[in-house]
Amino acid sequence: MVQDLYFEVLRKKSHYFLDAKETATIKDLKLMIQGILKLDPSSIELWKLEEEGKKSVLVDATTLADCGFSATNAKAQMPAQLGLQIRGEDEDVKFDDVSLPPPIPDALQGARGDNAPTD
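Source: prediction; values computed, not measured.

(A) Layout of helix 1 (residues 26–37). The end-to-end C-alpha distance of helix 1, which contains twelve residues, comes to 16 Å, matching closely the 16 Å that a straight helix rising 1.5 Å per residue would cover. Residues of helix 1 that are buried: Ile26, Leu29, Lys30 and Ile33. The buried residues of helix 1 occupy an angular sector of 100° when projected down its axis, which confines them to one face. Those residues of helix 1 hidden inside the fold are in contact with strand 1 (4–11), strand 2 (14–21), strand 3 (44–49) and strand 5 (80–86).

In C-alpha cells:
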C-alpha cells in the first residue's frame with residue numbers, strides 16, 4: 001500500500017509544508033514548490049537533512065521512498081525536513097528556527113499561575 005509522506009521544506013525563515021505519496025519523485029515536490037513560490041523547478045535544489053547534521057542534494061528522478069523517506073520518518077505530526085536552495089540566489093543551505101511566541105502574561109494564566117481550574 002502506498003503511504004502518504006509529509007515534509008517541511010525550509011529556506012531561511014520560511015517553512016512550507018507538503019504532502020506526497022512515497023512513489024512521488026523529487027521533481028514532483030519541486031513542481032509543488034513551483035506552485036507556491038512561482039519559481040522554475042530547474043532553479044530549485046532540495047536537500048535532505050541527515051540526523052548527523054550532514055546535508056545531501058536530492059536528484060529529480062529519485063522517488064521519495066528511494067531517498068529513504070517512509071511513513072515512519074515523514075509523519076504528519078513530525079514531517080521530514082528538506083532544505084530548499086535557489087540556484088544563483090543562495091550561497092549555502094541555511095535554516096533558521098521559527099521564532100518562539102512571547103510568554104503568556106500572568107493575568108491570563110489563572111489564579112494559581114498554572115492554568116489549573118480552581119475549585
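On we go from here.
(B) Highlighting the nonpolar core. Counting 22 residues, the largest nonpolar core has Phe7, Val9, Leu29, Leu46, Leu64 and Phe69 as its most contacted members. Residue assignment for this core shows that the elements contributing at least two residues are strand 1, strand 2, helix 1, strand 3 and strand 5. No other element matches the four residues that strand 5 contributes to this core. Beyond its immediate sequence surroundings of up to four residues, Phe7 is in contact with Tyr16, Phe17, Leu18, Leu29, Leu64, Phe69, Pro79, Ala80 and Leu82.

(C) Spatial organisation of the environment of Asp4. With respect to the helices and strands, the residue Asp4 is situated in strand 1. Taking the relative accessible area as the measure of exposure, Asp4 reaches 33% and is therefore partly exposed. For the pair Asp4 and Lys75, spaced 71 residues apart in sequence, the C-alpha to C-alpha distance is 8.2 Å. Leave out the neighbours within four places in its chain, and Asp4 touches Ala20, Lys21 and Ala74. Engagement of the side chain of Asp4 in a polar contact is seen with the side chain of Lys21, the distance being 2.8 Å.

Scoring rules and cut-offs
- Residues numbered from 1 in each chain as written.
- Predicted model: local features only at pLDDT ≥ 70, side-chain atom pairs only at ≥ 80, totals over all residues.
- Heavy atoms only, no water.
- Helix = DSSP H or I, 4+ residues; strand = E, 2+ residues; numbered from the N terminus.
- Expected span 1.5 Å × (residues − 1).
- Buried < 20%, exposed > 50% of the residue type's maximum accessible area, 1.4 Å probe, protein only.
- Arc of directions from axis to C-beta.
- Contact = heavy atoms within 4.5 Å.
- Core = buried A, V, L, I, M, F, W, Y, C linked by side-chain atoms within 4.5 Å.
- Polar contact = N/O pair within 3.5 Å; in protein donor to acceptor, adjacent residues only side chain to side chain.

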